[in-house]
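# Structural overview
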Amino acid sequence: MGDIKAEPFVFPAKPEALALIVIDMQRDFAEPGGFGASLGNDVSRITKIVPDVKRLIQGFRDAGLPVIHTMECHKPDLSDLPPAKRDRGSPSIRIGDEGPMGRVLISGEPGTAILAELAPIDGEVVIEKPGKGAFYATKLSDVLKEKSITQLVFAGVTTEVCVQTTMREANDRGYECLLAEEATESYFPEFKAAAIAMIRAQGAIVGWTAHVDDILEGIAPKETADA
Ligand code: C5J
């Protein structure tokens, strides 16, 4: 492992310090009947990236690198759901309401689960987060410090909301951040394009962006020549 081809310039990957964070690949954002659909969004845009997210996760597992998953969700008593969040927008079902996949975005409900194809395996950390950013009101900082992680590759949804918010939180905390372009998506193509552009502008002001193939090539275990 070494440099990963990226924009605006190569990402200097350090094998001992790199982890993948997969943001909110949950049924509630990807399936009809879920929260994303209730807001009027075309959720098929999200399911289209599943194969790319899956091969990125597999590449990290094959390289022996940590994979961390996040889930946007709230406690059943809604004590971590500010009214300002619950009342926002005009969804047909609100967070905490009973929907076709159980209570919307509530911990432990069927719709809150990560898509089966991308499910965490034993030993992988899953962070339940009540906010857009994965550092807010979670143990993510402690988990990363414990594993001596300083570089984060990002995948998941949605690019301009929870992914970008978490990248900005990470950037402010001193992490080097790289967004996997084909493994992230928005309900709005123009927002995804704008988020990618603003992240890597001004010399990677928030972070780098790269294609999944280039990330996989960069993290692949290299054959070492016999002495
Ligand atoms: C949203 C997310 N869009 N995971 N959540 O509310 O981006």
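Further up the page is the structure itself.
These numbers come from a predicted model, not from an experiment.

What counts, and at which threshold
- Residues numbered from 1 in each chain as written.
- Predicted model: local features only at pLDDT ≥ 70, side-chain atom pairs only at ≥ 80, totals over all residues.
- Heavy atoms only, no water.
- Helix = DSSP H or I, 4+ residues; strand = E, 2+ residues; numbered from the N terminus.
- Contact = heavy atoms within 4.5 Å.
- Polar contact = N/O pair within 3.5 Å; in protein donor to acceptor, adjacent residues only side chain to side chain.
- Buried < 20%, exposed > 50% of the residue type's maximum accessible area, 1.4 Å probe, protein only.
- Expected span 1.5 Å × (residues − 1).
- Phe/Tyr/Trp six-rings, centres within 6.5 Å; stacked < 30°, edge-to-face > 60°.
- Core = buried A, V, L, I, M, F, W, Y, C linked by side-chain atoms within 4.5 Å.

### Concerning the environment of Arg 94
Position of Arg 94 among the secondary structure elements: in the loop between α5 (83–86) and β5 (98–99). Along the primary structure Arg 94 and Thr 159 are separated by 65 residues, whereas in three dimensions their C-alpha atoms are 22 Å apart. Among residues more than four places away in sequence, those in contact with Arg 94 are Arg 86, Asp 87, Arg 88, Gly 89 and Val 104. From its side chain, Arg 94 meets the backbone oxygen of Asp 87 in a polar contact 3.3 Å long.

### Digging into the side chain of His 69
Structurally, His 69 is set in strand β4 (residues 67–72). By relative accessible area, which is 1% here, His 69 ends up buried.

### Observations regarding helix α7 (residues 159–172)
The end-to-end C-alpha distance of α7 is 18 Å, a good match for the 20 Å that 14 residues give at a rise of 1.5 Å each. Those residues of α7 that fall on the buried side of the exposure criterion are Thr 159, Cys 162, Val 163, Gln 164, Thr 166, Met 167, Glu 169 and Ala 170. Taken from the residues just after α7, Gly 174 is the one with a positive phi, measuring 95°.

### Regarding the packing of aromatic side chains
In total, this model carries 4 aromatic pairs according to the counting rule given. Aromatic pair Phe 135 and Tyr 175: ring centres 5.9 Å apart, planes at 35°, arrangement tilted. Of this pair, Phe 135 sits in the loop between β7 (125–129) and α6 (140–146) while Tyr 175 sits in the loop between α7 and β9 (176–185), and the two are 40 residues apart along the sequence. Take Phe 135: its relative accessible area is 6%, and that puts it in the buried class. With relative accessibility at 9%, the residue Tyr 175 sits in the buried group. Each ring, one from Phe 188 and one from Phe 191, has its centre 4.8 Å from the other, and the planes form 45°; the classification is tilted.

### Overview of the nonpolar core
Nonpolar side chains in soluble globular proteins generally cluster together in the buried interior. By size, the foremost hydrophobic cluster in this structure holds 45 residues, and its most contacted members are Leu 20, Met 25, Leu 56, Phe 60, Leu 178 and Ile 215. Elements supplying a minimum of two residues to this core: β3 (18–23), α1 (27–30), α4 (50–62), β4, β8 (151–157), β9, β10 (208–210) and α9 (212–219). Top contributing element to this core by residue count: α4, with 5 residues. In this structure Met 25 touches Ile 46, Ile 49, Val 50, Val 53, Thr 70, Ala 113, Ile 114, Leu 115, Leu 118, Gly 156 and Val 157, once residues within four positions along its chain are discounted. Among the nonpolar cores identified, the runner-up in size contains 24 residues, and Ala 134, Leu 152, Met 167 and Leu 179 belong to it.

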